[in-house]
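The residues making up each chain are set out below.
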Amino acid sequence: MIDRPSWDDYFMTITRQVATRSTCLRRHCGAVIVKDRRLLATGYNGTPMGLRHCEEVGCLREQRGIASGSHHELCRGIHAEQNAVVQAALHGVAIGGSTIYTTHQPCVQCAKILINAGIVEIVYGDAYPDPLSEEMLAESGVARRLHSPADC
């Protein structure tokens, strides 16, 4: 019998690979949107298209002494989840009713976008506690779970 990864392990492995494209100096994050076991869109965190990467201009958050988890708007980058949703929209891919796999638990900004995009489940690899995000996702009915890899 062939030893095949579970679907969750498979998609989380892809998510971690997508994160390697990140241009963020602080944290590499990735996201993949899946429906019916089909990969619909990917995203990683980094600066918007056509802008210089933080590697070239420095980390705005570091320069201003902004703590992790606060003032997300004070950053040149876009989060992986946001980028995945934007990529789907840019290419005309409907993502309502899908699952998103992320390297990290979504922040409140990403949670709001995922709720409005019609994402029905979030599977994440690492905790990133954000009480307002948790509250809004719970109220919206979006399922969430921490991925526990089988053999990783």
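From a predicted model like this one, the values you see are computed outputs, not experimental measurements.

Visitor: Just give me the short version of the nonpolar core, but keep the residues and values in it.
Guide: Judged by nonpolar contacts, the single largest core of 18 residues is most densely connected at Ile 33, Val 85, Ile 95, Ile 100, Leu 114, Ile 119 and Ile 122. Elements that contribute at least two residues to this core include exactly strand S1 (30–35), helix H4 (80–90), helix H5 (108–117) and strand S4 (121–126). Top element by residues in this core is H4. It accounts for four residues. Residues Phe 11, Met 12, Val 18 and Val 32 belong to the second largest nonpolar core, which totals seven residues.

Visitor: Requested: an account of the environment of Met 12, with residues and values cited.
Guide: Turning to its location among the elements, Met 12 is positioned in helix H1 (residues 7–19). The spatial distance from the C-alpha of Met 12 to the C-alpha of Gly 125 is 7.5 Å, given a sequence separation of 113 residues. The residues contacting Met 12, other than those within four sequence positions of it, are Tyr 101, Thr 102, Val 123, Tyr 124, Gly 125 and His 147.

Visitor: Residue-level account of the sheet that holds S4, with values.
Guide: Strands sit in the order S2-S1-S3-S4-S5 across an open sheet of five strands; the sheet is mixed. Taken across any chain shown, the strands that pair with only one partner, and hence form the sheet edges, are strand S2 (38–44) and strand S5 (143–146). In this sheet, neighbouring strand axes are inclined to one another by 20° on average, regardless of whether the strands run parallel or antiparallel. Pairing analysis gives four bridges linking S4 to S5, with the strands arranged parallel. Counted as the bridge partner of Tyr 124 is Leu 146 from S5.

Visitor: Talk me through the packing of aromatic side chains; I want residue IDs and the actual numbers.
Guide: Using the criterion set out here, one finds four aromatic pairs in the structure. Taken together, a centroid distance of 5.8 Å and an interplanar angle of 25° make the contact between Trp 7 and Phe 11 stacked. One end of the pair is Trp 7 and the other is Phe 11, both in helix H1 and four residues apart, which spans about a single turn. Residue classification places Phe 11 among the buried residues on the basis of a relative accessible area of 3%. Measuring from ring centre to ring centre gives 5.0 Å for Tyr 10 and Phe 11, while their planes differ by 65°; the resulting arrangement is edge-to-face.

Parameters at a glance
- Residues numbered from 1 in each chain as written.
- Predicted model: local features only at pLDDT ≥ 70, side-chain atom pairs only at ≥ 80, totals over all residues.
- Heavy atoms only, no water.
- Core = buried A, V, L, I, M, F, W, Y, C linked by side-chain atoms within 4.5 Å.
- Buried < 20%, exposed > 50% of the residue type's maximum accessible area, 1.4 Å probe, protein only.
- Helix = DSSP H or I, 4+ residues; strand = E, 2+ residues; numbered from the N terminus.
- Contact = heavy atoms within 4.5 Å.
- Pairing = 2+ DSSP bridges.
- Axes fitted to C-alpha atoms, helices over the stretch in contact; angles between N-to-C directions.
- Phe/Tyr/Trp six-rings, centres within 6.5 Å; stacked < 30°, edge-to-face > 60°.

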